[in-house]
Amino acid sequence: MTREELIGKIERQKRNKNAIILAHNYQRPEVQDIAEFIGDSLELARKAMTTSADIIIFCGVDFMAETAVILNPAKKVVIPDRGAICPMAQQLPADSLLAAKREHPDAEVVLYVNTLAESKALADCICTSANARKIVNAMDTQTILFGPDRNLAYHAQQATTKTIIPVPEHGLCPSHHQIVMDDLLTAKSAHPDAKVIVHPECIPEVQDSADYITSTSGMVKICHEEAADEFLIGTEVGLLYRLKKETPEKRFYPISNTAVCPQMKMHTLANIETALENEEPVVVVPSETARKAKKAIERMLAIP
Ligand code: 13P
Ligand code: SF4
């Protein structure tokens, strides 16, 4: 089948089945191009809640698709490649979180949305890279257990007088850890007038050297609004396709070309077509886990 035939088939299936494709900003260009909606984790969660589609084809990683199921249990959520598992989310299993909670009984728990559903079920509130600072400040306790990303914990800590304890101590995103200070200094000397925008999953030194630290869609917004016409981008390289497409008059340079998330790239036109045809693999979250996790996600969504 040619690429055009494949795309034609996907479009027909979407119409016939009242299905939509939600895609994260890191998806392959051809996947972004056939999606009804492209966004960051927070936007995708909100979109999953409000869509009138019967089937959501979720082109992102496991925790994002699970969040869509938790918020929208009546919908069928299908992930084209089941192997799209975020390694950071795996770094905080429920038993480790329970142990940390026992050690800090007076702390509330804020978890990055990049977590397993079983861990979300034990959290007081969820956050994303877009709202982590706001969420920690909105919590009731002075001490907060925060996981699994120690770099996002650092980002939140810069905006609060609360004590933030990272759980686990060394949780991180392997893709964002490819972005190191040497890369940033080299990129800055090649493009001295460029604004530097990085994701809060980057290491503290890189965050401290940036003009802006924000979520992937926050980066898109800044690039639209900033007067500058050159940008150094510190996140997974997939975002650059959207940036170049939406603001072709500006120039974008990745700080590191090796910041690639292999799990995000697992969805392809071919497996999206198969997923639409077979309506599987369906994402399932056990109902009791979903009920508890939903409370923590809804607490986040209620914070404006
Ligand atoms: P955003 O919510 O900023 O898109 O980030 C999600 C993610 O997994 C970044 O690695
Ligand atoms: Fe997980 Fe990092 Fe990939 Fe985001 S980029 S999905 S945090 S591994």
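Just so you know, these numbers come straight off a predicted model, no measurement behind them. (Residues numbered from 1 in each chain as written. Chains lettered and ligands numbered in written order. Predicted model: local features only at pLDDT ≥ 70, side-chain atom pairs only at ≥ 80, totals over all residues. Heavy atoms only, no water.)

Describing the overall build of the protein chain
Helices and strands together make up the secondary structure of the protein chain, namely 14 helices and 12 strands. Since a compact globule built from 304 residues should have a radius of gyration of about 19 Å, the 19 Å found for the protein chain is in line with a globular shape. Projected onto its principal axes, the C-alpha coordinates of the protein chain cover approximately 55 × 55 × 30 Å. Looking at the protein chain as a whole, 56% of its 304 residues are labelled buried. Contacts spanning at least 24 positions in sequence make up 61% of the contacts within the protein chain whose residues lie at least 6 apart. (Helix = DSSP H or I, 4+ residues; strand = E, 2+ residues; numbered from the N terminus. Rg over C-alpha atoms; globule rule 2.2 N^0.38 Å. Buried < 20%, exposed > 50% of the residue type's maximum accessible area, 1.4 Å probe, protein only. Contact = heavy atoms within 4.5 Å.)

Side note on the state of the cysteines
Under the defined criterion, the tally for this structure stands at 0 disulfides. Here C127 is not disulfide-linked; the sulfur of C125 is the nearest cysteine sulfur, at 7.5 Å. Take C127: its relative accessible area is 0%, and that puts it in the buried class. (Disulfide = S-S within 2.5 Å.)

Comments concerning unusual backbone geometry
A cis geometry characterises the amide bond from V167 onward to P168, with omega recorded as -10°. Positionally, P168 belongs in the loop between strand 8 (163–166) and helix 9 (181–190). One non-glycine residue, N18, lies in the positive phi region at around 50°. Within the element layout of this structure, N18 appears in the loop between helix 1 (3–17) and strand 1 (19–24). With a relative accessible area of 36%, N18 lands in the partly exposed category. Non-glycine residue E279 carries a positive phi angle of around 55°. Counting through the fold element by element, E279 comes out in the loop between helix 13 (269–278) and helix 14 (287–302).

Digging into the site of ligand 2
As a structural note, the neighbourhood of ligand 2 is formed by Y26, V61, C86, P87, M88, N114, C173, E201, C261 and M264. Tallied by class, residues from the shell around ligand 2 come to 8 nonpolar, 1 polar and 1 charged. (Near = heavy atom within 4 Å. Nonpolar A, V, L, I, M, F, W, Y, C, P; charged D, E, K, R; others polar.)

So, the packing of aromatic side chains
Scanning all chains against the criterion turns up 1 aromatic pair. With centroids separated by 5.5 Å and ring planes inclined at 15°, the aromatic side chains of F231 and F252 adopt a geometry described as stacked. Here F231, found in strand 11 (residues 230–234), pairs with F252, found in strand 12 (residues 251–254); they are 21 residues apart in sequence, far enough to count as distant. For F252, a relative accessible area of 5% gives the class buried. (Phe/Tyr/Trp six-rings, centres within 6.5 Å; stacked < 30°, edge-to-face > 60°.)

Here we look at the site of ligand 1
By nearness alone, 13 residues border ligand 1, and H24, S41, S129, H199 and T216 come closest of all. H24 has a polar side-chain atom sitting 2.6 Å from an oxygen atom of ligand 1. Within the contact set of ligand 1, an oxygen atom lies 2.6 Å away from a side-chain nitrogen or oxygen of T216. When isolated, ligand 1 has an accessible area of 300 Å², and the protein chains bury 96% of it. (Polar contact = N/O pair within 3.5 Å; in protein donor to acceptor, adjacent residues only side chain to side chain. Areas by Shrake-Rupley, 256 points an atom, 1.4 Å probe, with all protein chains shown as cover.)

Let's talk about the sheet that holds strand 5 (residues 108–112)
Pairing between the strands of a sheet is mediated by backbone hydrogen bonds and can be parallel or antiparallel. Here we have 4 strands laid out as an open sheet, ordered 6-5-7-8, and parallel in their pairing. Two strands in the sheet have a free side with no partner beyond their single neighbour: strand 6 (125–127) and strand 8. Looking at each pair of strands side by side, their axes are set apart by 30° on average, direction ignored. By the bridge criterion, 4 bridges tie strand 5 to strand 7 (residues 143–147) in an arrangement that is parallel. Across the sheet, the residue bridging to E108 is I144, located in strand 7. Lying over the sheet, helix 14 contacts strand 5 and strand 6, oriented at roughly 60° with respect to strand 6. (Pairing = 2+ DSSP bridges. Axes fitted to C-alpha atoms, helices over the stretch in contact; angles between N-to-C directions.)

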